[in-house]
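Analysis of the macromolecular model
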Amino acid sequence: MANTYNPYENMLQVLEQAAGTLGLAKDDYEALKYPERELKVSIPVRMDDGSIKVFEGYRVQHSSARGPCKGGLRFHPKVDIDEVKALAAWMSLKCAVANIPYGGAKGAVKIDPRSVSKGELERITRRFTVQIMPIIGPQVDIPAPDVGSNAEMMAWVMDTYSMFEGHAVPGVVTGKPLEVGGSEGRGAATGRGIMLAARQLMRRLGKELAGQRVAVQGMGNVGATTALILAEEGCKIMAVADVSGGLKTDKPEGLNMPAIYKHCYEDRKFLDTYEEEGTVRCSGNDVLTADVDLLVPAALENQLTAANAADVKAPCIVEGANGPTTVEADEIFAKMGKYVVPDILANSGGVVVSYFEWVQNNEGLYWTEEEVNAKLAESMSRAFDEVWNMAEKHNSTLRLGANMIALSRLVAARKIRGFFP
Ligand code: GLU
């Protein structure tokens, strides 16, 4: 089958559905179907061997209706403009669901960050920062980590921007190391938020989170941290996958998650070199279709599709990745009676704590990890209840409920601001 999946089309279909259910007039949301700004840059860099290589980068700003644009920087060899556009729009929707005063954006560099030296990666990141500098800033557009980028790279972005301003500007980027104005709790925030979303879902279903059997796809920051926190909360992690394949177990206690977290996330090694007694190697798809209570897809878009949705056994899915489920797969899940906590709610803990980080940067006053985690829990719980109630009111999926809330907030902001000129 030819791969015709286009994440931007996927986003638009859900948006139209939400607008239809809300009974919005076409004019109310027409502007939201287009990103406000798309910037494509070339990034010429001197490599360690003395040669010059030119990389491709993007920054897409979807909406600034509710505040400065906000969203991560993805470093991945397969990114393209439609993916970045979709990811930017999902950020607008996510910030609206979380009800934080931001619009949405996303950036990307087309590169496998593992294929270059650290010095090369730093030069690429810094040159990319300069190329997008005309459109970023602490009140304009605030990048953060995403797939393939991390806190250290955010420090390079912050330093580069600050060099041009002539003073430290910590608020230009979030997800920074603590030493340069990062927030306590930001590194684990997305995973913690996913755990909180899963716990809320279980409560609604009259179940405890502890004891649930879980499969997680993706062992980057989001997947590894989510699995570790879920294990700490008493879940049994029965199967995990990364790009090298999957690993599963029948052991009642599940996989040794602290060991896997260290191997994959801290030591940056792949799962295929991890050894644990009582485990079996399997494919990534076997992990998505594992016989568990809860599935957390925490890798990339387009993982749960018409091709494998009917085989998914988990009755509950909490989306760690952005856009892991296609519209077709969603319809299949709805027919099967599954609960899907959508990306724009489930993984919003990252950007919520990014917002906390930016507030702390602006105030110059820093919070403890307990304060950050308590505020995150409060925010996730409010957003979850709002989405649940909206879905109940319209007898819809949670995804449609979340998109309705986001869309109505975006449309309200645009209406009240009016159209310029
Ligand atoms: N990249 C993360 C996301 O997709 C975090 C974005 C941010 O903190 O700005 O939500």
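Residues numbered from 1 in each chain as written. Predicted model: local features only at pLDDT ≥ 70, side-chain atom pairs only at ≥ 80, totals over all residues. Heavy atoms only, no water.

1. Observations regarding the overall build of the protein chain
Heads up, the rule is: We count a stretch as a helix when DSSP gives it H or I for four or more residues in a row; a strand needs E for two or more, and each element gets its number in order from the N terminus. C-alpha atoms define the radius of gyration, and 2.2 Å times the number of residues to the power 0.38 defines the globule rule. Here's how the labels work: a residue is buried when its accessible area is under 20% of the maximum for its type, exposed when over 50%, partly exposed in between, all with a 1.4 Å probe on protein chains only. When checking whether two residues touch, look at their non-hydrogen atoms; a contact exists if any pair is within 4.5 Å.
Across its full length, the protein chain carries 14 helices and 13 strands. At 20 Å, the protein chain has a C-alpha radius of gyration in line with the 22 Å of a compact globule built from 421 residues. In terms of overall dimensions, the protein chain has C-alpha extents of about 55 × 55 × 50 Å along its principal axes. For the protein chain, the residues scored as buried account for 57% of the 421 residues in total. Residue pairs in contact within the protein chain that sit at least 24 positions apart in sequence constitute 68% of those at least 6 positions apart.

2. Re the packing of aromatic side chains
Keep this limit in mind: Only Phe, Tyr and Trp rings are paired, with Trp represented by its six-membered ring, and only when their centres lie within 6.5 Å; those with planes under 30 degrees apart are stacked, over 60 edge-to-face, the remainder tilted. Here, over-ring charges are defined by two tests on the NZ atom of lysine or the CZ atom of arginine: distance to the ring centre within 6 Å, and angle to the ring normal within 35 degrees.
Counted by the stated rule, this structure contains 8 aromatic pairs. When the centroid spacing of 5.3 Å and the interplanar angle of 55° are considered together, the rings of Tyr261 and Tyr265 count as tilted. In this pair, Tyr261 and Tyr265 are both assigned in helix 8 (residues 257–266), 4 residues apart and thus about one turn of the helix distant. The exposure class assigned to Tyr265 is partly exposed, which follows from its relative accessible area of 31%. Members of the aromatic cluster, connected to one another through ring pairs, are Tyr102, Tyr355, Phe356, Trp358 and Trp367. The side chain of Lys85 reaches across the aromatic face of Tyr8, ending 4.6 Å from its centre. One residue, Lys375, lies across the ring of Trp367, its end atom 4.3 Å from the ring centre.

3. Considering the pairing of strand 11 (residues 294–297)
As a reminder, the rule being used: Strand pairing is assigned whenever DSSP detects at least two bridges linking the two strands.
Burial along strand 11 is two-sided: Leu294 and Val296 facing one way and Leu295 and Pro297 facing the other are all buried. Direction of pairing for strand 7 (residues 213–217) relative to strand 11: parallel, over a ladder of 4 bridges. Bridged to Ala215 within strand 11 is Leu295. Summarising the sheet, strand 11 and strand 12 (residues 316–318) pair through 2 bridges and their orientation is parallel. Residue pairing for strand 12: Leu294 is matched across the bridge by Cys316.

4. Regarding the environment of Met238
Here Met238 is to be found in strand 8 (residues 236–242). Residue Met238 is classed as buried on the basis of its relative accessible area, which comes to 6%.

5. Let's talk about the sheet that holds strand 4 (residues 73–75)
Quick reminder of the rule: To obtain an axis, a line is fitted to C-alpha atoms, over the contacting stretch when the element is a helix, and the angle between two such axes runs from 0 to 180 degrees between their N-to-C directions.
On the basis of which strands lie adjacent, the open sheet formed by 4 strands has the order 1-2-5-4 and mixed pairing. Looking at the sheet topology across the chains shown, the edges are occupied by strand 1 (37–46) and strand 4. Neighbour to neighbour, the strand axes of the sheet diverge by 20° on average, direction disregarded. Note: strand 4 against strand 5 (residues 104–109), 3 bridges, orientation parallel. Along strand 5, the bridge assignment pairs Leu73 with Gly107.

6. Quick notes on helix 12 (residues 349–363)
An α-helical turn contains 3.6 residues, so a residue and the one three or four places further along point in the same direction. The test is simple: Here, expected helix span is obtained from the residue count minus one, scaled by 1.5 Å.
When the terminal C-alpha atoms of helix 12 are compared, their 21 Å separation across 15 residues agrees well with the 21 Å that a helix rising 1.5 Å per residue should span. Those residues of helix 12 that sit buried are Gly349, Gly350, Val351, Val352, Val353, Ser354, Phe356, Glu357, Trp358, Val359, Gln360 and Asn361. Structurally, helix 12 contributes buried residues whose contacts are with strand 3 (69–70), helix 3 (81–98), strand 6 (141–142), helix 6 (189–204) and helix 13 (369–393). Looking at the residues trailing helix 12, positive phi occurs at Gly364, about 70°.

7. So, the site of the ligand
Let me state the cut-off plainly: To be near a molecule or strand, a residue needs just one of its heavy atoms within 4 Å of it. Pairing of N or O atoms within 3.5 Å defines a polar contact, subject to two protein rules: one partner must be a possible hydrogen donor and the other a possible acceptor, and residues neighboring in sequence count only if both atoms are side-chain atoms. Accessibility throughout is a Shrake-Rupley quantity obtained with a 1.4 Å probe, and a residue counts as covered only by protein chains that appear here. The residue classification treats Ala, Val, Leu, Ile, Met, Phe, Trp, Tyr, Cys and Pro as nonpolar and Asp, Glu, Lys and Arg as charged. All others, Gly included, are polar.
The environment of the ligand is formed by 14 residues, the closest being Lys70, Lys94, Pro145, Asp146 and Ser354. For the ligand, an oxygen atom lies 2.6 Å from a polar atom in the side chain of Lys94. At a separation of 3.0 Å, an oxygen atom of the ligand approaches a polar side-chain atom of Lys106. Summarising the interface, the protein chains cover 93% of the accessible area of the ligand, which totals 300 Å² for the free molecule. Put simply, the parts of the chain that give the shell around the ligand at least two residues each are helix 3 and helix 12. By residue number, the principal contributor to the shell around the ligand is helix 12, which donates 3 residues. Of the residues belonging to the shell around the ligand, the class tally is 4 nonpolar, 5 polar and 5 charged.

8. Looking at the sheet that holds strand 13 (residues 339–341)
The strand order 10-9-8-7-11-12-13 describes an open sheet built from 7 strands, whose pairing is mixed. Taken across any chain shown, the strands that pair with only one partner, and hence form the sheet edges, are strand 10 (279–282) and strand 13. With strand direction ignored, the average angle separating the axes of adjacent strands in the sheet is 20°. By the bridge criterion, 5 bridges tie strand 7 to strand 8 in an arrangement that is parallel. Looking across to strand 8, one finds that Arg213 is bridged to Lys236.

9. Quick look at the pattern of salt bridges
How we decide: We define a salt bridge as a side-chain nitrogen of Lys or Arg found within 4 Å of a carboxyl oxygen belonging to Asp or Glu.
Within the structure shown, the criterion is met by 24 salt bridges. Close ionic contact of Glu122 with Arg126 constitutes a salt bridge, the shortest N to O distance being 2.9 Å. Taken together, the residues Glu122 and Arg126, both in helix 4 (residues 118–132) and 4 residues apart, mark about one turn of the helix. A relative accessible area of 25% means that Glu122 is categorised as partly exposed. Classification of Arg126 by relative accessible area gives partly exposed; the value is 24%.

10. Regarding unusual backbone geometry
Residues Phe420 and Pro421 are joined by a peptide bond in cis, for which omega reads 5°. Secondary-structure assignment places Pro421 in the segment after helix 14 (398–417). With a phi close to 60°, Asn302 is a non-glycine residue in the positive phi region. Residue placement: Asn302 occurs in the loop between strand 11 and strand 12. On the basis of relative accessibility, which here comes to 21%, the residue Asn302 falls in the partly exposed class.

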